[in-house]
Amino acid sequence: GTEINGELAMHYERVCGNKGYSYDAHQTNLRYQTSGNTWAGQKMKNAQDIYSKQNPSKNRGKVSSSSMIEIGFEDCDYVALETGHNFWDSTFRNWYRP
């Protein structure tokens, strides 16, 4: 799920998930590239975005559940989350399903 979320966010619109959103995937990757670190894990910690400034263990490539809930999922065609079944039921129970 993690790899799929990141790849889809980079190549398609309206992709949302705990490993990134399509609306800012390009800018997120640019921040990682210019962070000055060579180790991927360190780049994530030094993302210098609003999420990592509030919580160093989070960033736009590792979005917290509370941030995703605040953003909402109304503009998402694809949602990828690493969470339990209760979240899906409580969040999407009353949404239209074709």
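Structure's up top.
Residues numbered from 1 in each chain as written. Predicted model: local features only at pLDDT ≥ 70, side-chain atom pairs only at ≥ 80, totals over all residues. Heavy atoms only, no water.

Side note on the side chain of Asn18
On the secondary structure map, Asn18 appears in the loop between strand E1 (15–17) and helix H2 (25–33). Here Glu82 takes part through its backbone nitrogen, which lies 3.4 Å from a polar atom of the side chain of Asn18. Residues contacting Asn18, with those up to four places away along its chain left out, are Asn5, Gly61, Lys62, Val63, Met68, Ala80, Leu81 and Glu82. (Helix = DSSP H or I, 4+ residues; strand = E, 2+ residues; numbered from the N terminus. Polar contact = N/O pair within 3.5 Å; in protein donor to acceptor, adjacent residues only side chain to side chain. Contact = heavy atoms within 4.5 Å.)

Description of the packing of aromatic side chains
Across all of its chains, the model carries five aromatic pairs by this definition. Aromatic ring contacts, followed pair by pair, group Phe73, Phe87, Trp88, Phe92 and Trp95 into a single cluster. (Phe/Tyr/Trp six-rings, centres within 6.5 Å; stacked < 30°, edge-to-face > 60°.)

Digging into the environment of Thr83
Along the chain, the position of Thr83 falls in the loop between strand E2 (78–80) and helix H6 (85–92). Through-space distance from the C-alpha of Thr83 to that of Asn18 is 9.4 Å; in sequence the pair is 65 residues apart.

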